[in-house]
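In case you want the letters, here they are:
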Amino acid sequence: MLKEQKSRVGIYRKTKDREYVVDMAPIVVQGETIGAVSVCKSLTEVHSLSQELKKQIEKVTELEKRMKSIYEVKYNFEDIIGEDPELLRVINVAKKTATSDLPILVTGESGTGKELFAQSIHHNSDRTYKPFIPVNCSALPASLMESELFGYADSAFTGAMKGGKAGLFEMAHGGTLFLDEIGDLSYDVQAKILRVLQEGRIRRVGEVKEREVDVRIVAATHRDLRQYVMKNLFRDDLYYRLNVVHLQIPSLRNRKYDIPLISKKLLPANHALSKDVLSFFITYEWPGNVRELRNVIDFAVCMTEGEMIEVQHLPEFLKKYNTLPQQSESSGTLKESMWNAEKDILVEKMKNFGASLDERQKAADLLGVSLATLYNKLKKHN
Ligand SMILES: Nc1ncnc2c1ncn2[C@@H]1O[C@H](COP(=O)(O)OP(=O)(O)OP(=O)(O)O)[C@@H](O)[C@H]1O
Ligand SMILES: [Mg+2]
């Protein structure tokens, strides 16, 4: 360095077990080197800092993994069991719109699989590697809901977290926010959500600054939102904003032919439903839809010693709905059982109705089929 009169930086040196780096520069006065400066920095500190950095990176990776597993969706479209044409139509619309960023409104009775749809939509969207954040809008009072959704500023209120807190909109950034039970959201919060949807920005409670959020909205409710709009319980502007894609999931009682299929999938291998149980399942109204069917099957499987589920294994509350004539033998294929069950139901229901067109229409309404279908079925079983 002295000979060349050029400074050098970051030269690695090791003396015994001491490691250090040296920066050096000549001191040149009027072309003549009169001395030099050299600064030695110990590597021990650099080492311990890089060790610390490595540890922190491992920690962050671990936390990211855990975060991801919390927000990861479990369900995909393949998990939605059913062959009912209307259900298949709804699944098809959901699949086609999943990859767009359009808001989706999922409606249907309790237990029809609204969350299943919401998760499957996220799974099939371009946002699948980003968070899926579910929010139950009926769980919190309006004041808390606002800070949950939008977060709050540092010391926005007594007991607020230091440094403030991100809301669910911010947490869902890049991903999907699932607004479950949106019908139960207060009018005020509805207005605030509408603002975010229109502007793509949120403001934490108690903060002036706005933050950009990129969030896809999937909303769900078991309520009749149109009715709610008419009664001024739900804002019409938000309703139209959310209702770009509407998935109305049919209830289980309107797709009774899916009952044997779903039961089969939910039963453990080797287990089966007796003919009586299947007949009963087909006549029962299933107010709790697939969730109720799953619970009944889980219970019955626990109660049976063997592999055949009989009426006696069903929960007590259900047995009182079982008005079908009891049959003793429980054999036959699924097709035979369904054929017989359908015949039993028709015979049983038609007892209360005459043969006039008017009476038949009433019977068809009660059975939830069209008049033509009823005539076809009566002819088939005659
Ligand atoms: N078509 C289906 N195939 C298979 N499983 C289903 C189906 N529909 C619902 N389920 C099951 O039923 C249960 C309830 O589903 P989910 O939570 O999606 O219903 P929901 O419509 O959100 O009900 P709620 O209105 O009560 O919140 C879940 O265990 C789900 O796996
Ligand atoms: Mg739900």
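On a predicted model such as this, the values are computed, not experimentally measured, just so you know.

A. Summary view of a nonpolar patch on the surface. Judged by side-chain polarity, Ile27, Val29, Ile34, Val37 and Val39 come together as a nonpolar surface patch covering roughly 400 Å² of accessible area. Within the residue set of the nonpolar patch, elements represented by two or more residues are β2 (18–29) and β3 (32–42). In terms of residue count, β3 provides more of the nonpolar patch than any other element does, three residues in total. As for its position among the elements, valine 39 is in strand β3.

B. Layout of the site of ligand 1. Close to ligand 1 lie 16 residues, the nearest being Ile81, Ser110, Gly111, Lys114 and Arg294. One of the side-chain N or O atoms of lysine 114 is found 2.6 Å from an oxygen atom in ligand 1. Side-chain polar atom of arginine 291 to an oxygen atom of ligand 1: 2.9 Å apart, as the coordinates give it. The cavity where ligand 1 resides is the second largest pocket. Here the shell around ligand 1 is built from residues that sort into five nonpolar, four polar and seven charged. Here the shell around ligand 1 spans two domains, since at least three of its residues come from each of domain 2 (77–250) and domain 3 (256–351).

C. Broad picture of the packing of aromatic side chains. A full pass over the atoms with the stated rule returns seven aromatic pairs. Measuring from centroid to centroid gives 5.5 Å for phenylalanine 150 and phenylalanine 169, while their planes differ by 10 degrees, and the two rings are stacked. Remark: phenylalanine 169 occurs in helix α5 (residues 168–171) and phenylalanine 150 occurs in helix α4 (residues 142–150); sequence separation between them is 19 residues. Take phenylalanine 150: its relative accessible area is 4%, and that puts it in the buried class. Overall, phenylalanine 169 belongs to the buried group, its relative accessible area being 1%. Ring geometry for phenylalanine 280 versus phenylalanine 281: centroids 6.2 Å apart, planes at 55 degrees, classification tilted.

D. Structural detail: the sheet that holds strand β4 (residues 104–107). Here five strands make up an open sheet; going across it, the order is β5-β8-β11-β4-β12 and the pairing parallel. Looking along the sheet, the strands with just one partner apiece sit at the ends: β5 (132–136) and β12 (245–248). Neighbour to neighbour, the strand axes of the sheet diverge by 20 degrees on average, direction disregarded. One ladder, built from four bridges, connects β4 with β12; its direction is parallel. Residue pairing for β12: leucine 105 is matched across the bridge by histidine 246.

E. Spotlight on the pattern of salt bridges. Here the structure, examined in full by the defined rule, presents 21 salt bridges. Among the ionic pairs, lysine 377 bridges to glutamate 342, the shortest N-O distance being 3.1 Å. Linking lysine 377 in helix α15 (residues 371–381) with glutamate 342 in helix α13 (residues 334–350), this pair joins segments that are 35 residues apart in sequence. Here lysine 377 matches glutamate 342 in class, with each residue buried. Several salt bridges share partner residues, and in doing so they unite Arg195, Glu199, Arg201, Arg203 and Glu210 into one network.

F. Summary view of the layout of surface pockets. Volume-wise, the largest pocket comes out at about 760 Å³. Residue assignment for the lining of the largest pocket shows that the elements contributing at least two residues are α10 (275–283), α13, α14 (357–367) and α15. Looking at the lining of the largest pocket, the element that brings in the most residues is α13, giving six residues. Residue classes in the lining of the largest pocket are distributed as 13 nonpolar, six polar and ten charged. Volume-wise, the second largest pocket comes out at about 640 Å³. What lines the second largest pocket is a set of 23 residues, and nearest its centre among them are Gly111, Thr112, Gly113, Leu116 and Arg291. For the lining of the second largest pocket, the secondary structure elements donating two or more residues are α3 (114–123), α9 (258–266) and α11 (289–303). Residue classes in the lining of the second largest pocket are distributed as ten nonpolar, five polar and eight charged. Shared between two domains, the lining of the second largest pocket holds at least three residues of each, these being domain 2 (77–250) and domain 3 (256–351).

G. A look at the sheet that holds β2. Taken in spatial order, the three strands of this open sheet run β1-β2-β3, and their pairing is antiparallel. With one partner strand each, in any of the chains shown, β1 (8–15) and β3 form the two edges of the open sheet. When the angles between neighbouring strand axes are averaged without regard to direction, this sheet yields 30 degrees. Bridge analysis of β1 against β2 gives six bridges, and the strand direction is antiparallel.

H. Layout of the pairing of strand β11 (residues 216–221). By the criterion of burial, β11 is predominantly enclosed, with six of the six residues buried. Residues Arg216, Val218 and Ala220 line one face of β11 and the alternating positions Ile217, Ala219 and Thr221 line the opposite face, and both faces are buried. Inspection of the sheet shows β4 paired to β11 by four bridges, in the parallel sense. If you follow valine 106 over to β11, its bridge partner there is alanine 220. Across four bridges, the pairing between strand β8 (residues 176–180) and β11 is parallel. Within β11, the position partnered with leucine 179 by the bridge is alanine 219.

Rules behind the numbers
- Residues numbered from 1 in each chain as written.
- Chains lettered and ligands numbered in written order.
- Predicted model: local features only at pLDDT ≥ 70, side-chain atom pairs only at ≥ 80, totals over all residues.
- Heavy atoms only, no water.
- Patch = residues over 30% accessible without salt bridge, like charges linked within 9 Å, V, L, I, M, F, W, Y side chains within 5 Å.
- Areas by Shrake-Rupley, 256 points an atom, 1.4 Å probe, with all protein chains shown as cover.
- Salt bridge = Lys/Arg side-chain N within 4 Å of Asp/Glu carboxyl O.
- Helix = DSSP H or I, 4+ residues; strand = E, 2+ residues; numbered from the N terminus.
- Near = heavy atom within 4 Å.
- Polar contact = N/O pair within 3.5 Å; in protein donor to acceptor, adjacent residues only side chain to side chain.
- 1 Å grid on protein atoms, 1.4 Å probe; cavity = no way out; pocket = protein on both sides within 12 Å on 5 of 7 lines; lining within 4 Å.
- Sits in = over half its atoms within 2 Å of the grid points.
- Nonpolar A, V, L, I, M, F, W, Y, C, P; charged D, E, K, R; others polar.
- Domains from an automatic or database assignment.
- Phe/Tyr/Trp six-rings, centres within 6.5 Å; stacked < 30°, edge-to-face > 60°.
- Buried < 20%, exposed > 50% of the residue type's maximum accessible area, 1.4 Å probe, protein only.
- Pairing = 2+ DSSP bridges.
- Axes fitted to C-alpha atoms, helices over the stretch in contact; angles between N-to-C directions.
- Points joined across faces, edges and corners; volume = space filled by probe spheres on them.

Any functional reading would require information that these geometric values do not contain.
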